[in-house]
Amino acid sequence: MSMINKNTSHNSKQIAIFGSGGHAVSVANVALSAGYSIKFFIDRESKGSNLLGYEVLKNSIEILDLKNICFAIGVGDNAAREDIYKKLIAINPELHFPALIHDSSVISNFTKIGDGTVVMPNAVVGPNSKIGIFCLINTRSSIDHDSSMSDFSSLAPAAVTGGNVKIGFRSAISLGASVKHGVSIGDDSVLGANSYLNKDLENNQIAYGVPAKKIRIRNVGDAYLS
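Quantities reported herein were computed from a predicted structural model and do not represent experimental measurements.

Enquirer: I'm lost on the overall build of the chain in this one. Help?
Expert: Within the chain one finds two helices and 25 strands. On C-alpha atoms alone, the chain measures out to a radius of gyration of 17 Å, which is about the 17 Å that the 2.2 N^0.38 rule sets for 226 residues. Each of the three principal axes of the chain carries a C-alpha extent, and together these read 50 × 35 × 30 Å. Relative to its 226 residues, the chain shows a buried fraction of 50%. In the chain, the proportion of contacts linking residues at least 24 apart, taken out of those at least 6 apart, comes to 30%. For the chain, the distance from the average site of its 21 positive side-chain charges to the average site of its 19 negative ones is 4 Å.

Next comes the structure, spelled out in C-alpha cells:
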C-alpha cells in the first residue's frame, strides 16, 4: 500500500479486466480515465464475444504469459472479488493489479490506497484514511478523514461516512447509506440502503433503518447484490 497520486500517467499500460457485466463496464470507464488502454475482458461465463468493442476471452489461461499488462477485477460482490483474486494469484503470483482512480474523484494527498482498489467518478477519500486492497469506492461515495476500509470492502453509490470510521473485511455499505463519525463496522457485515448507522456494528451482521438496527446474522459470502 502506498500514497496515491491520481494524476500519475499510465498511458503506456494495457489492462485486462476480469468480468463482463455492468460492474466490469464501470471499471473499464475508470481504467480509461486513469490513462490505461483496455486489452480485453475475461469471462468464462460471458454470453457475447465482445464488450464495448473489446474482445471477451473465455479462458483466463490464455493471458497468463503476457508481459507488460495489468489486470483489474470487474466484479462488484466483495466475497466473489476476493475469491477470484485468490484463484488468479494461485495460478500466477506475478499478476499486477493497480489501484484504478477516476480523474474526477477527490483523493487526499495523505491517503493510502491498496492495489486492486477502484475509485469511481466523483468519489471522495479524506486525509489520513487507509484503503485496503481490492476495495470499491463507488460513484459519489465519500469516506472522511482518518477512516479505514479493510480489504475487499465496499461503499455503494452515494454512501457516506464521517471521520474515524472503520469498515471491516468484505463489509458493504449499501446505496445512499451513511455512517456516523467514529463508528466501527465488523467483518462481513452489510448496512442496508439509505440507512443511518450511529453505533458500532459487529461481525457478520445485516443492519438497516434510521437509525440502523441489527436484523439478522449474515454468513460469509452471502449474496447482497442482485
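Enquirer: I'm lost on empty space enclosed by the protein in this one. Help?
Expert: To locate leftover empty space, one rolls a probe as large as a water molecule over the atoms. What the rule picks out here adds up to one cavity of 30 Å³ or more. The calculated volume of the largest cavity comes to roughly 30 Å³. Every residue lining the largest cavity is listed: His23, Ile73, Val75, Arg81, Gly116, Val118, Cys135 and Leu136. Looking at the lining of the largest cavity, its residues break down into five nonpolar, two polar and one charged.

Enquirer: I'm lost on the side chain of Gln205 in this one. Help?
Expert: Topologically, Gln205 is positioned in strand β24 (residues 205-209). Dropping the residues within four chain positions of it, Gln205 is found in contact with Asp188, Ser189, Val190, Lys214, Arg216, Ile217 and Arg218.

Enquirer: Help me out: how do you make sense of the environment of Asp115 in this one?
Expert: Tracing the sequence through the fold places Asp115 in the loop between β9 (112-113) and β10 (118-119). Residue classification places Asp115 among the partly exposed positions, given a relative accessible area of 42%. For the pair Asp115 and Ile133, spaced 18 residues apart in sequence, the C-alpha separation works out to 4.9 Å. Apart from residues no more than four positions distant in its own chain, Asp115 is found in contact with Phe97, Ala99, Ile133 and Phe134.

Enquirer: I would appreciate a short explanation of the sheet that holds strand β2 (residues 14-18) in the present structure.
Expert: To summarise the sheet geometry, strands pair through backbone hydrogen bonds and adopt either a parallel or an antiparallel arrangement. Here we have five strands laid out as an open sheet, ordered β4-β5-β3-β2-β6, and mixed in their pairing. The open sheet terminates on both sides in strands that have one partner only, identified here as β4 (50-51) and β6 (69-73). Pairing of β2 with strand β3 (residues 37-42) involves five bridges; the strand directions are parallel. Bridge pairing in β3 places Gln14 opposite Ser37.

Enquirer: What is the right way to look at the pairing of β6 in this model?
Expert: Each regular strand shows side chains that alternate between the opposite faces of the sheet. In terms of residue burial, β6 counts as a mostly covered element, since five of its five residues are buried. Bridging between β2 and β6 involves five bridges; their strand directions are parallel. Residue pairing across strands places Ile15 opposite Cys70, the latter belonging to β6.

Enquirer: In this structure, what is going on with the environment of Leu201? I would like to understand it.
Expert: As for its position among the elements, Leu201 is in the loop between β23 (196-197) and β24. Using a relative accessible area of 5% as the deciding quantity, one classes Leu201 as buried. Along the primary structure Leu201 and Leu51 are separated by 150 residues, whereas in three dimensions their C-alpha atoms are 39 Å apart. The residues touching Leu201, leaving out its near neighbours within four places in the chain, are Ser184, Ile185, Gly186, Ser189, Ala207 and Lys214.

What counts as what
- Residues numbered from 1 in each chain as written.
- Predicted model: local features only at pLDDT ≥ 70, side-chain atom pairs only at ≥ 80, totals over all residues.
- Heavy atoms only, no water.
- Helix = DSSP H or I, 4+ residues; strand = E, 2+ residues; numbered from the N terminus.
- Rg over C-alpha atoms; globule rule 2.2 N^0.38 Å.
- Buried < 20%, exposed > 50% of the residue type's maximum accessible area, 1.4 Å probe, protein only.
- Contact = heavy atoms within 4.5 Å.
- Lys, Arg positive; Asp, Glu negative; His and termini not counted.
- Charge placed at Lys NZ, Arg CZ, Asp CG, Glu CD.
- 1 Å grid on protein atoms, 1.4 Å probe; cavity = no way out; pocket = protein on both sides within 12 Å on 5 of 7 lines; lining within 4 Å.
- Points joined across faces, edges and corners; volume = space filled by probe spheres on them.
- Nonpolar A, V, L, I, M, F, W, Y, C, P; charged D, E, K, R; others polar.
- Pairing = 2+ DSSP bridges.

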